[in-house]
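# Breakdown of the fold
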Amino acid sequence: MIAIIDYGMGNICSLGNALGRLEAEWTLTSDPEVINSATHVILPGVGNAAEAMHNLRSRRLPEVIWRLRCPVLGICVGMQVMCRSSQEGDAECMGIFDAHVKRFDSAPGVKIPHMGWSRISNLESKLFNDIQPGSYMYFVHSYYAPLCPDTIATARHPALFSAALKYENFYGTQFHPEKSGEAGQQLIHNFIRL
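Residues numbered from 1 in each chain as written. Predicted model: local features only at pLDDT ≥ 70, side-chain atom pairs only at ≥ 80, totals over all residues. Heavy atoms only, no water.

## Observations concerning the sheet that holds strand 6 (residues 91-92)
Backbone-to-backbone hydrogen bonds pair the strands of a sheet. The strands run either parallel or antiparallel. Taken together, four strands build an open sheet; the order of strands is 6-5-7-10 and the sheet is mixed. Each end of this open sheet is capped by a strand with a single partner; those strands are strand 6 and strand 10 (143-144). Relative to strand 10, strand 7 (residues 100-103) is paired through two bridges, and the arrangement is antiparallel. Note that in strand 10 the partner of Arg103 across the bridge is Tyr143. (Pairing = 2+ DSSP bridges. Helix = DSSP H or I, 4+ residues; strand = E, 2+ residues; numbered from the N terminus.)

Shown next, in the form of structure tokens:
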């Protein structure tokens, strides 16, 4: 059973549909016992990192997440709150990934938020099995994780940033695989087979 962590943020409908297409069993939960007994855990995210951390802490979920040994996938803000900190709301985050999330700098021709389809490159994980370098994924974000030792994929806006991160059993994608067509569906397929 896949546990999707319920903390009041995230695009659950699209994610549930993507898992349904793979005939994967899943549940939406904030119950530590259910999360701990899951084979895989997904931390979705849409919105503000500081609010996300507040919601997670109010449910005492960071401690549960840190102790997980099954594969864990953070999506968008779900990935960002697994980093050390975020400039968004000056949030102290969970510290799983060795990155400090920053806001994109304003510059001529650079739109913020970074929204739409961008190519991913430098793919370095089983998470990207059968996904070609240069595949397009769907991004919606104003904040990003810089390149760091945990980077397993990159994208540009306009400089390189971390499109995906990995540390031990923890994975994160800045893009939304559940909204990224066939390549995103393949990534979810790969994740649930880790």
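The rest of the description comes next.
## Quick look at the sheet that holds strand 11 (residues 151-156)
Pairing in this open sheet of seven strands is mixed, and the strands run 2-1-3-4-13-12-11 from one edge to the other. Whereas interior strands pair on both sides, the edge strands pair on one side only; in this sheet they are strand 2 (26-29) and strand 11. Neighbour-to-neighbour, the strand axes of the sheet open up by a mean angle of 20°, direction not taken into account. Relative to strand 13 (residues 170-173), strand 12 (residues 160-167) runs antiparallel, the two sharing four bridges. Bridge pairing in strand 13 links Tyr167 to Phe170. (Axes fitted to C-alpha atoms, helices over the stretch in contact; angles between N-to-C directions.)

## Some details on the environment of Tyr136
Tracing the sequence through the fold places Tyr136 in strand 9 (residues 136-141). Separated by 46 residues in sequence, Tyr136 and Glu182 place their C-alpha atoms 9.6 Å apart. Apart from residues lying up to four places away in sequence, Tyr136 is in contact with Trp117, Ser118, Arg119, Ser180 and Ala183. Side chain to side chain, Tyr136 and Arg119 meet in a polar contact 3.1 Å long. (Contact = heavy atoms within 4.5 Å. Polar contact = N/O pair within 3.5 Å; in protein donor to acceptor, adjacent residues only side chain to side chain.)

## Focus on a nonpolar patch on the surface
Taken together, the side chains of Met1, Trp26 and Leu28 make up a nonpolar region of the molecular surface, amounting to roughly 260 Å² of accessible area. Relative to the helices and strands, Trp26 is located in strand 2. Take Trp26: its relative accessible area is 31%, and that puts it in the partly exposed class. (Patch = residues over 30% accessible without salt bridge, like charges linked within 9 Å, V, L, I, M, F, W, Y side chains within 5 Å. Areas by Shrake-Rupley, 256 points an atom, 1.4 Å probe, with all protein chains shown as cover. Salt bridge = Lys/Arg side-chain N within 4 Å of Asp/Glu carboxyl O. Buried < 20%, exposed > 50% of the residue type's maximum accessible area, 1.4 Å probe, protein only.)

## Structural notes on the environment of Tyr167
Residue placement: Tyr167 occurs in strand 12. Once the C-alpha coordinates of Tyr167 and Thr151 are considered, the two residues, 16 residues apart in sequence, prove to be 9.0 Å apart. In this structure, Tyr167 is in contact with Ile96, Phe97 and Asp150, ignoring residues within four places of it in sequence. A polar side-chain atom of Tyr167 sits 3.4 Å from a polar atom in the side chain of Glu168.

## Notes on the pairing of strand 4 (residues 72-75)
Residues of strand 4 alternate between two faces, with Val72 and Gly74 on one and Leu73 and Ile75 on the opposite face, all of them buried. In this structure, strand 3 (residues 40-43) lies alongside strand 4, joined through three bridges in parallel fashion. In the sheet register, Val41 faces strand 4, and the bridge partner there is Val72. Pairing analysis gives four bridges linking strand 4 to strand 13, with the strands arranged parallel. Residue pairing across strands places Gly74 opposite Gly172, the latter belonging to strand 13.

## Remarks on the pairing of strand 9
Because side chains alternate across strand 9, one face comprises the buried residues Met137, Phe139 and His141, and the other comprises Tyr136, Tyr138 and Val140, none of which is buried. Where strand 8 (residues 114-119) lies against strand 9, six bridges are found, and the strand directions are antiparallel. Counted as the bridge partner of Met115 is Val140 from strand 9.

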